[in-house]
Amino acid sequence: MSPTDLLQILLFLALILALAPFLGAYMAKVFEGRVAFLAPAERAIYAACGTDASEEQSWGRYLGAVLLFNLTGFALLFTLLLTQHWLPWNPAGMTALDWDLAFNTAVSFVTNTNWQAYGGESTLSYFSQMAGLTVQNFVSAATGIAVAVAITRGIARRQARTLGNFTVDLTRGVLYILLPLSILVALALVWQGVPQNLAAYVDASTVEGAQQILAQGPAASQIAIKQLGTNGGGFFSVNSAHPYENPTPISNLIQMVAILAIPAGLALTYGHMVGDKRQGWAIFAAMGVLFLAGLAVTYWAEMQGNPLLASLPVDQAAGNMEGKETRFGVVNSVLWAVSTTAASNGSVNAMHDSFTPLGGLVLLLNIQLGEIIYGGVGAGLYGMLLFVVLAVFIAGLMVGRTPEYLGKKIEAREVKLAVLGMLSMPVGILGFGALAAVLPVALASVQDAGPHGLSEILYAYSSATGNNGSAFAGYGADTPYQNVMLGLAMILGRYAFIAAMLAIAGSLAAKKIAPPSAGSFPTHGPLFVGLLVGTILIVGGLTFFPVLALGPVAEHLAMLAGTRF
Amino acid sequence: MSNLIRPALVLTFVMTLLTGLAYPLAMTGLAQAVFPAQAAGSLIDREGTVIGSSLIAQGFSEPGYFHPRPSLAGEGYDAALSGASNLGVTSGALIEAVGARVAAAGIEGAVPVDLVTASGSGLDPHVSPAAARAQIPRVAQARGLPEQTVRALVQSRTEQRILGFIGEPRVNVLLLNLALDQTKP
Amino acid sequence: MTAKKEALLDATLIRNASLAALAKLDPRVLIRNPVMFVTGVVAGLSTLLLGADIAQGGMQGGTENTVLIALLTLWLWLTVLFANFAEAVAEGRGKARADSLRATQRETLAKRVRDTESRAYQEVSSRALAQGDLLLVEAGDIVPADGEVVVGIASVDESAITGESAPVIRESGGDRSAVTGGTRVVSDWIVVRVTQKPGESFLDRMIGLVEGAQRQKTPNEIALTILLVGMSLIFLIVVGSLEFFAHYSGALIPVVFLVALLVTLIPTTIGGLLSAIGIAGMDRLAKANVIAKSGRAVEAAGDVDVLLLDKTGTITFGNRMADGFIPVAGISERALAEMALLASLADETAEGRSIVELARRKYALNLAAGPDAKFVPFTAQTRMSGVDLPDGWRIGRRIRKGAADAVLADALGEEAKARTPRDLAAAVEHIARSGGTPLVVSVDRKPAGVIHLKDVIKPGIRERFAELRAMGIRTIMVTGDNPLTAAAIAAEAGVDDFLAEATPEKKLELIRQEQADGRLVAMCGDGSNDAPALAQADIGVAMNDGTPAAKEAGNLIDLDSDPTKLIEVVMVGKQMLISRGALTTFSIANDVAKYFAIIPALFVGIYPQLQALNVMGLGSPGSAILSAVIFNALIIVALIPLALRGVTYAPSGAAALLRRNLAVYGLGGLVVPFVGIKAIDLLINAVGLL
C-alpha cells in the first residue's frame, strides 16, 4: 500500500472517529428532547398534526405510525412520478414514468433503498427530484433514525409500555439533524463544483465542434441529503461517479464522511441512551472491525488489476480502473464502495459491476450481512441489535444464566421475532434471487456470461432486500418483472425487519432490568466484540456462502486460471 | 388507527414543503449568490458560446488534441446520459474492447490502464499524468510543436494531490487542450 | 439413592436405550424435536430416492453412485437414531433412579383411624388413601403416604429416600411435622394426616420428572428450540434455492447431495442433545437428593442473583460454642476454666458440653465434682445454672453461670450495675459486640469472669461465599440476632449482607424488595411461617423435614434437609444452561468445516476450479459428502457423555467463563470437524468404501 493511499484511509477514519462521538452525543440530546432551538417550528408541526408531543406510543402504534406515514409518502411519490409531465420545473421535458418504474422508484425511496432503476438526468424532472426524491431522502432517513431510537428506548426502559412518539421523533430527526447538516454539506458541495440551479440543460458546442448537452439541476441539495441519509439515489444516472455529482477529491471526502458520520454516531447515541457508553463503543468497534477487514480485502483485490489484461501491453500499476474515475483512483473508489455497502447507501463513485470478483464479493457480503457495519441511518443500528440479540442468546447461556442483554432477559418471544426478522434476508436474496436465476423473463436482465452473471442477479436482490440501492449496474433492472420483484424485496427487507425489531423493543421495554453483577453476560469489551463479529460472519456467512461460491468465488478462481466468459 | 392518519398526511405535506421545496429553493438561491460559477455547472464560455464544462469530459479524436478516457455515456461523452460499461473483469467483451483500444491508441510501450478502460461516469474529465505523457509524441507531431513545449504544458496542467495525499494526480483533458490551442492553434 | 459414584453408561442401559431410540422414530414422538423431525423427513426422502435409484438399476450414475446413496441414507437414519439414543439414555438413567425410588413406594397396609383421639384402626391399602385421612403409624410400620404428624412424636428412619442412616425425630405441632411415604417409624407412634392426593406424592412427582414423563420444555429450552427451528428454516431456504443457482450455473446437483448438505447444516448436534441435557440436569439434581417440582425451577436456579441463607445451620453450626475464658483481675484463667467446667458438668446442652470440652482441651483439666456436689439446673426464673460444691474445694463452694445480668444481679444484689468490676463489664461488652454471647461466672457471689460463647462458622463456608461472589451472586444472611451480633457474624462468614432481627414478614419484604430491583432470589426454609417467603422467592428450597405448608410453597424440596444444598442447586442450574449454550455454539461453529467439505464437492462439476476450496484435500466428492454426514452423526454420540455429565463448571465470573467456553466450544467447534471429517475421509478411502 502506497503511503498516500494509507494516509487517505487514515484521514477518513480519523474524521469519522472525531465526528462520531460528537454527533452521537448530540443526537442523544435531540431525542431526549434536550435540543430546542427550533421549538416554535416543532410546536407548529405538532399542532398541525394534532399530536400531543408528550403522548407516547406502544410499539404497535409506533409501527402503525411508521407504516401509515411511509404509505402516504409512497402514494405521493408514486403519483408525482406518474404525472411529472404535468408538473412544473421540467425544462428537459421528461415524460411520465411507466407504472412499474414509478412503483419501483417510489418504493425504493420510501424504503431508504434508493435503487436506481431510473436514470436521473434522463428520466426525472427537477420537480420530481426535489418534491419527490429529496423529500423521501429526508423522511426515509428520519424514519430509520426514529425507529432505531424507539428500539433503543425499548432496551433502555424498565417496565415501560411505550417507545416514544413517531411524529415527534421524525420531526426532530429532520429539523435538528438532517436539515442543518444537509445545508452545510450542500454548500460545501457547490463550492467544490456541484451544480445547484433550475436552469435548462445547457447546449454546448465542443472544441471539436460536436454538440454536447450538459444536464443541470438542483443537484447539491439532493446529494447532500442522499449521503447524510444513507439513501444514495443519484441525481445523475451514474451517481457520485458523475463529475457534476462528485467533482473533486475534496467533494468525495465530504460525501464519504457524510455517509458514515450519522450511522457511526448513532452507535454511540445508543450507548448514551442506554446509559452505558461502553455498550455503544462495543457496537461501534464490532462495526469497525468488519469495516476494516472488508476494506483490506477489497483494496488488495482492486490493486491487483485485471490478470486477464496481462497479455496486453497495458500498465496496470494504477490497479483495476475499468469503471473507476481518475480523480479517485483505486483507493478512494474502494473506500467509498466499502463504506456505502456497509452503510446501506446506494451511491457509487465507481462501477461495482466492474470490480474484481473478490472486491465485488466483499461489497455483496457487506449488504448480505444486513448492512450492519455502521449501516443505514438507524437501520444499521437496529440491524446490528438483532445480531446482538442473537449473539447474546447463543453464547449468553455459556455464562450459566438464561440469556440477558443489558439486564433484560432474552426469551422465546424475542427469539421468535429475531428469527422472523432474520428470515427476510434469505427469503429476499435467495428466494427471489433463485426465481430470477431461472425465469426467462428475469434472465434477460443479465449482462455478463459465466459466474459474474450470477453475481449480478445476487447483487440486485441483495441490494434491494438490504435496502442498499447500489447495483451491479450491468443488470438491466428496468423491466416490469424486475421493477416489481425488486420493489417487493425492498418492502420485505425494510418492514419485516422494522416490525420485528419494534416488536422486540416493545417486549423488552416491558421487562425488568436485572442489575449487572459479576455473573452477568458482559456485552462490552473485546471479548464481546469478537463474539459479535464471529456471530455475524458465521450466521450471515453460512447463509450466503454456497451461492457466493457459485458467483464471485468461482469467478475469482476462473480469473486466476485465465478463463474469460 | 384514525388518530395515526392525520399525522401521516400532515407530516407528509409539511415535509414536502420544508425539504422538497423550501430547502432546495433556498439552497439554489444561496448557492447562486455565494458560488455562482459552480452553481451554474462550471461552464466554459468562449466568445459567448458555451463550449462545455470544466468538470465534464468531451470527446477529442483529432491527433492534435489529448484524448480523454474511453466513454460509454450514450454514444460517447453524452452529458445527459452518463453511463459505464459495467463489464466484469472476466468478461470477454471487456478484454476485446481493451485490446481494440490498445491497438487504436498507437502508443509505444505499455499503455496506462486509464487510457484503455472506460470510466465510471463516461464523463471523467481527467486522465492520469502517465496517460497524458504517453500522448505527448502524437500531439507534438500533429501540431508541429517540440515535445518539450507540450511536456511543459502537461506538467503545468497536472493537478497534484491535495495536501500531498488526497485524491490522485491528474490532468484535465479539456483544459489542457484549451491551453494547447492557446499556445498554438 | 446415596450419591455413589456411578458409571455414565452400562450395558443394560445401552441396550434399553437402543430399543427406545427405535421406538422414538414414531413421527408423533419425533415432532417434539423439530430439528430431528426435519432430519427424519430428509432421511425418508433419501430412502425413497434410493429405492427409485435401485428400481432404475442405478441409472443415475452406476452402482458406485447407488452405494453412495445407500450409505448416505444409512447415515442420515443413524443421525436421527443417535439423537433418539441420547434422549433415551438420559431417560434411562432417570428411570433407574426412579425405579429405586419406586421400590420404596410398595403398596403397604395403612391403619386408618377415625379421629385424632381414637387408637382403633381399620386396615386399608395405601393406594386407597385420600387426602385428609388420619393414619396411625407405630414402631416398625412403613409410613404409607406423605403427611403431617398431628399427634405424637416418633423417630423415623428416612434412609430409603435420603440415604441418611440415623433416624430423625418427627413430632406434631412444630416445624418437624412432615413425614414422607416410604419411610419407617422406628420407635414410638404417631398419628399422621395424609396431605397428598393419590398418586401425587413427592416421590411420584420426582419419579415423573426424572423419567422425563412429566417433562415439559422449560422456557429457555423453548426459546432455544425456536432459534434452532429458525436456523433450520434458513438452511432450508439456502439449500432449496441452491438448486436454482446451480441450474443457472449449468448443472443440477443430485437431490440426495442437497439433502446431505441440509442435514449437516441444520443444528443437529444441539438439536439431538437438547432434551438429553435437560433430563440430565434433573437427574443431577435428583442425585443430590433434591426434588424439583418443575424443570423451570432448575433453569431459574442458574439465574439466581441473591441467596437468602439462614444463619443457624447453614452458615454456623446450630449451637454456640465456648471459645475462651476471660477472668476478672485476681483470678487466673485456669481457675475460671475450672469453675466453668465444674458448673457445666451436669449441663447436657450443647453449650454446656462445649464449655467442658474447651476447658479439658485447653487446660488439660480432668476434674470430677464428686458425689456430694449438688447441681443446680437452669430455670427460666433464675436464668442460671451451676453447682454447689462440698467443702474442700479450693476455688469456692457456690458456682453459678448464666446471662450476665442474671448472674450479676444474683451476685451483687440491687446495685449490681455500679458494683460490677470494670474489666468484667468491658469483657461482656466486647464479646457482645463481636457477635458472641457472654456467660458470666460467679463464685460465692463474686464475679469471676466471662465465658465467651460464640457462633462457630462452618469450615469452608467463607470460601463458598467468595465463589458465589465471583459468580455474581450476593449472599444475605438471615438471623434473629440483633444487628450488632449479626454484623459481626456476617463479617466473619464473609456474606455480603444480612437481615437482622428477622421475622417472616421482614424476610418476605426483603425478597419483594430485591425482586423489584430486578433480581432473582433463592432461599430455603422449613417452618410454616416460611411458606409465604418460599412462595414469593423465585427459587424456594423447602426442607423435607419441614411443614407441609413449606413443602407446598417451595419449588424444590431437599430430601436431606440440608440448607447449604441451595448452593448445589444453583450450580446444577448453571451447569445445565452452560451445557446448552456450549453445545449450541459448538453445533453452529461446526458448519464452517462442513461447508468446506461439501461445497467444493457439490460444485466441482460445474466449476472445476472450485476444487481450490477443498482445503481438507478430501479424496473424492462422494467421500467428502459422506464424511461430513458421518461426522455429523458421530459427533452426537461423541457428545452424549458431555450432555449427560454437563460441561465442566468451575465457579467464576461471567467474563472468565465466557472466555473459556468460547475458546473450548467456539474455537473447538471450528477446528474439530476439520480434523474429524478429514480422518473419516481418509478411512473411507483407505477401506475403499466408495
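Residues numbered from 1 in each chain as written. Chains lettered and ligands numbered in written order. Predicted model: local features only at pLDDT ≥ 70, side-chain atom pairs only at ≥ 80, totals over all residues. Heavy atoms only, no water.

Looking at an unreviewed UniProt entry, one finds chain C named Potassium-transporting ATPase ATP-binding subunit and attributed to Oceanibaculum pacificum. In UniProt, chain C has this text filed under Function (unreviewed entry): "Part of the high-affinity ATP-driven potassium transport (or Kdp) system, which catalyzes the hydrolysis of ATP coupled with the electrogenic transport of potassium into the cytoplasm. This subunit is responsible for energy coupling to the transport system and for the release of the potassium ions to the cytoplasm." The record in UniProt for chain C states the following under Sequence similarities (unreviewed entry): "Belongs to the cation transport ATPase (P-type) (TC 3.A.3) family. Type IA subfamily." (UniProt positions renumbered as here; feature names shortened; annotations may be inferred.)

With an unreviewed UniProt entry as reference, chain B is termed Potassium-transporting ATPase KdpC subunit, source organism Oceanibaculum pacificum. Reading the Subunit (unreviewed entry) entry of the UniProt record for chain B gives the comment "The system is composed of three essential subunits: KdpA, KdpB and KdpC."

1. Re helix 8 (residues 249–273) of chain A
Residue and element names in this part refer to chain A. Its 25 residues place the ends of helix 8 36 Å apart at the C-alpha level, agreeing with the 36 Å of an ideal helix rising 1.5 Å per residue. The sharpest bend along helix 8 measures roughly 30 degrees and falls at Ala 261, with the proline Pro 263 sitting one to four residues further on. A large share of helix 8 lies buried, amounting to 23 of its 25 residues. Once helix 8 finishes, Gly 275 follows within two positions and takes phi at roughly 80 degrees, a positive value. (Helix = DSSP H or I, 4+ residues; strand = E, 2+ residues; numbered from the N terminus. Expected span 1.5 Å × (residues − 1). Bend = angle between axes of the 7 residues up to and from the residue. Buried < 20%, exposed > 50% of the residue type's maximum accessible area, 1.4 Å probe, protein only.)

2. Topic: the interface of chain A and chain C
Contacts between the two partners involve 62 residues from chain A and, on the opposite side, 64 residues from chain C. When residues of chain A are sorted by the area they lose upon contact with chain C, Met 398, Leu 542 and Leu 550 of chain A head the list and together hold 15% of the total. Connecting chain A to chain C are two salt bridges. With its nearest N and O atoms 2.9 Å apart, the salt bridge here joins Arg 401 of chain A to Asp 305 of chain C. Those elements giving two or more residues to the side of chain A that touches chain C turn out to be helix 12 (379–396), helix 13 (412–438), helix 15 (451–465) and helix 17 (525–560) of chain A. The element that contributes the greatest number of residues to the side of chain A that touches chain C is helix 13 of chain A, accounting for 15 residues. Tallied by class, the residues present in the side of chain A that touches chain C amount to 45 nonpolar, ten polar and seven charged. (Contact = heavy atoms within 4.5 Å. Buried area = accessible area lost by both parts, 1.4 Å probe. Salt bridge = Lys/Arg side-chain N within 4 Å of Asp/Glu carboxyl O. Nonpolar A, V, L, I, M, F, W, Y, C, P; charged D, E, K, R; others polar.)

3. Regarding the sheet that holds strand 6 (residues 170–172) of chain B
All names here are of chain B. Read across the open sheet, the three strands follow the order 4-6-5; overall the sheet is antiparallel. Edge positions in the sheet fall to strand 4 (126–127) and strand 5 (158–159), since each of these pairs with one other strand and no more. With two bridges connecting them, strand 5 and strand 6 associate as antiparallel partners. The partner of Thr 158 across the bridge, within strand 6, is Val 171. (Pairing = 2+ DSSP bridges.)

4. Side note on the interface of chain B and chain A
The interface of chain B with chain A comprises 99 residues on the first partner and 114 residues on the second. Between chain B and chain A, the buried area comes to about 8300 Å², and carbon and sulfur atoms account for 66% of it. In this structure, the connection of chain B to chain A is made through one salt bridge. Residue Arg 327 of chain A is joined to Asp 124 of chain B by a salt bridge in which the shortest nitrogen-to-oxygen separation is 3.8 Å. Counting every contact that joins chain B to chain A gives 45 residue pairs in polar contact (both at pLDDT 80 or more). (Polar contact = N/O pair within 3.5 Å; in protein donor to acceptor, adjacent residues only side chain to side chain.)

5. Observations concerning a nonpolar patch on the surface
Residue and element names in this part refer to chain C. Among the surface-exposed residues, Val 67, Leu 683, Val 687, Leu 689 and Leu 690 lie close enough to one another that they form a single nonpolar patch of about 430 Å² accessible area. With respect to the element layout, Leu 683 can be found in helix 23 (residues 654–687). Under the relative-accessibility criterion, Leu 683 is labelled exposed at 57%. (Patch = residues over 30% accessible without salt bridge, like charges linked within 9 Å, V, L, I, M, F, W, Y side chains within 5 Å. Areas by Shrake-Rupley, 256 points an atom, 1.4 Å probe, with all protein chains shown as cover.)

6. Things to note about the pairing of strand 7 (residues 184–194) of chain C
Residues and elements named next belong to chain C. Where strand 3 (residues 134–138) lies against strand 7, five bridges are found, and the strand directions are antiparallel. Residue pairing for strand 7: Val 137 is matched across the bridge by Ile 190. Judged from the ten bridges that link them, strand 4 (residues 147–157) and strand 7 form a sheet pairing that is antiparallel. Looking across to strand 7, one finds that Gly 152 is bridged to Ile 190.

7. Some details on the packing of helix 6 (residues 166–192) of chain A against helix 7 (residues 219–228) of chain A
All names here are of chain A. Orientation of helix 6 relative to helix 7, taken along the N-to-C sense of each, is 125 degrees, at an axis distance of 8 Å. Comparing the axis directions of helix 6 and helix 7 gives the class oblique. As for how helix 6 packs across helix 7, the hand of that crossing is right-handed. Packed against helix 6, whose contacting residues are Leu 178, Leu 181, Ser 182, Val 185, Ala 186, Leu 189 and Val 190, the element helix 7 presents Ala 220, Ser 221, Ile 223, Ala 224, Ile 225 and Leu 228 at the interface. Among the residues making up the contact of helix 6 with helix 7, the classes are represented as eleven nonpolar, two polar and no charged. (Axes fitted to C-alpha atoms, helices over the stretch in contact; angles between N-to-C directions. Parallel < 35°, antiparallel > 145°, perpendicular 65-115°, else oblique. Left-handed = near helix turned anticlockwise from the far one by under 90°.)

8. A closer look at the sheet that holds strand 16 (residues 474–478) of chain C
Strand pairing in a sheet is mediated by backbone hydrogen bonds. Such pairs are either parallel or antiparallel. Residues and elements named next belong to chain C. What the seven strands build is an open sheet, ordered 8-20-19-18-9-16-17; its pairing is mixed. Strands at the two margins of the open sheet, each flanked by one partner only, are strand 8 (290–292) and strand 17 (497–499). The average undirected angle you get between the axes of adjacent strands in this sheet is 20 degrees. Relative to strand 20 (residues 556–558), strand 19 (residues 539–543) runs parallel, the two sharing three bridges. Across the sheet, the residue bridging to Met 543 is Asp 558, located in strand 20.

9. What about the nonpolar core?
Ile 262, Phe 291 and Tyr 461 of chain A, Phe 66 of chain B together with Leu 307 and Phe 603 of chain C are the most contacted members of the largest nonpolar core, which totals 400 residues. Counting residues per element, this core draws most heavily on helix 21 (residues 565–603) of chain C, which supplies 21 residues. Not counting the four nearest positions on each side in its chain, Tyr 461 of chain A is found in contact with Gly 428, Ile 429, Phe 432, Gly 433, Ala 436, Tyr 475, Tyr 481, Gln 482, Met 485, Leu 486 and Ala 489 of chain A. Ranked by size, the runner-up nonpolar core spans 27 residues in total, among them Met 339, Ile 355, Ala 359 and Leu 389 of chain C. (Core = buried A, V, L, I, M, F, W, Y, C linked by side-chain atoms within 4.5 Å.)

10. Let's talk about the packing of aromatic side chains
The final tally for this structure, using the stated rule, is 24 aromatic pairs over all chains. Between Phe 37 of chain A and Tyr 176 of chain A the ring centres are 5.0 Å apart and the planes differ by 75 degrees, which places this aromatic pair in the edge-to-face class. Pair noted here: Phe 37 of chain A is in the loop between helix 1 (3–31) and helix 2 (39–49) and Tyr 176 of chain A is in helix 6, with a separation of 139 residues, a long-range link. Judged by relative accessible area, Tyr 176 of chain A falls into the buried class, the value being 2%. Judged by centre distance (6.2 Å) and plane angle (40 degrees), the ring pair of Phe 596 of chain C and Phe 674 of chain C falls under tilted. In this pair, Phe 596 of chain C sits in helix 21 while Phe 674 of chain C sits in helix 23, placing the two residues 78 residues apart along the sequence. An aromatic cluster of three or more residues is present, and its members are Phe 12, Trp 281, Phe 284, Phe 291 and Tyr 374 of chain A. The cationic tip of Lys 324 of chain A hangs over the ring face of Phe 355 of chain A; the distance from NZ or CZ to the ring centre is 4.2 Å. One Lys or Arg, Arg 143 of chain B, reaches over the ring of Tyr 65 of chain B and ends 4.7 Å from the middle of that ring. (Phe/Tyr/Trp six-rings, centres within 6.5 Å; stacked < 30°, edge-to-face > 60°. Lys NZ or Arg CZ within 6 Å of the ring centre and 35° of its normal.)

11. What about the domain arrangement of chain B?
Size of an interface: often given as the accessible area lost when the parts come together. Along its sequence, chain B is carved into domain 1 (2–37) and domain 2 (41–183). When each unit is reduced to the centre of its C-alpha atoms, the spacing between domain 1 of chain B and domain 2 of chain B is 39 Å. (Domains from an automatic or database assignment.)

12. Description of the UniProt feature "binding site: Mg(2+)" (unreviewed entry) in chain C
Residue and element names in this part refer to chain C. Sites flagged by UniProt as "binding site: Mg(2+)" (unreviewed entry) map to Asp 526 and Asp 530. Within the element layout of this structure, Asp 526 appears in the loop between strand 18 (521–525) and helix 19 (531–536). Contacts of Asp 526, omitting those with residues within four sequence positions, involve Asp 175, Arg 176, Met 543, Gly 546, Thr 547 and Ala 550. As for its position among the elements, Asp 530 is in the loop between strand 18 and helix 19. Sequence-distant contacts of Asp 530, defined by excluding residues within four places in its chain, comprise Lys 507 and Gly 525.

13. Considering the pattern of salt bridges
Residues and elements named next belong to chain C. Within the structure shown, the criterion is met by 48 salt bridges over all chains. Across the salt bridge formed by Arg 580 and Glu 299, the nearest N and O atoms sit 3.0 Å from each other. Taken together, the residues span a long stretch of sequence, with Arg 580 in helix 21 and Glu 299 in helix 10 (residues 295–302) at a distance of 281 residues. Taken individually, Arg 580 and Glu 299 each receive the classification buried, so the pair is uniform in this respect. Here Arg 433 makes a salt bridge to Glu 429, at a shortest N to O gap of 2.6 Å. Taken together, the residues Arg 433 and Glu 429, both in helix 15 (residues 422–433) and four residues apart, mark about one turn of the helix. Residue classification places Arg 433 among the partly exposed residues on the basis of a relative accessible area of 48%. With a relative accessible area of 42%, Glu 429 lands in the partly exposed category.

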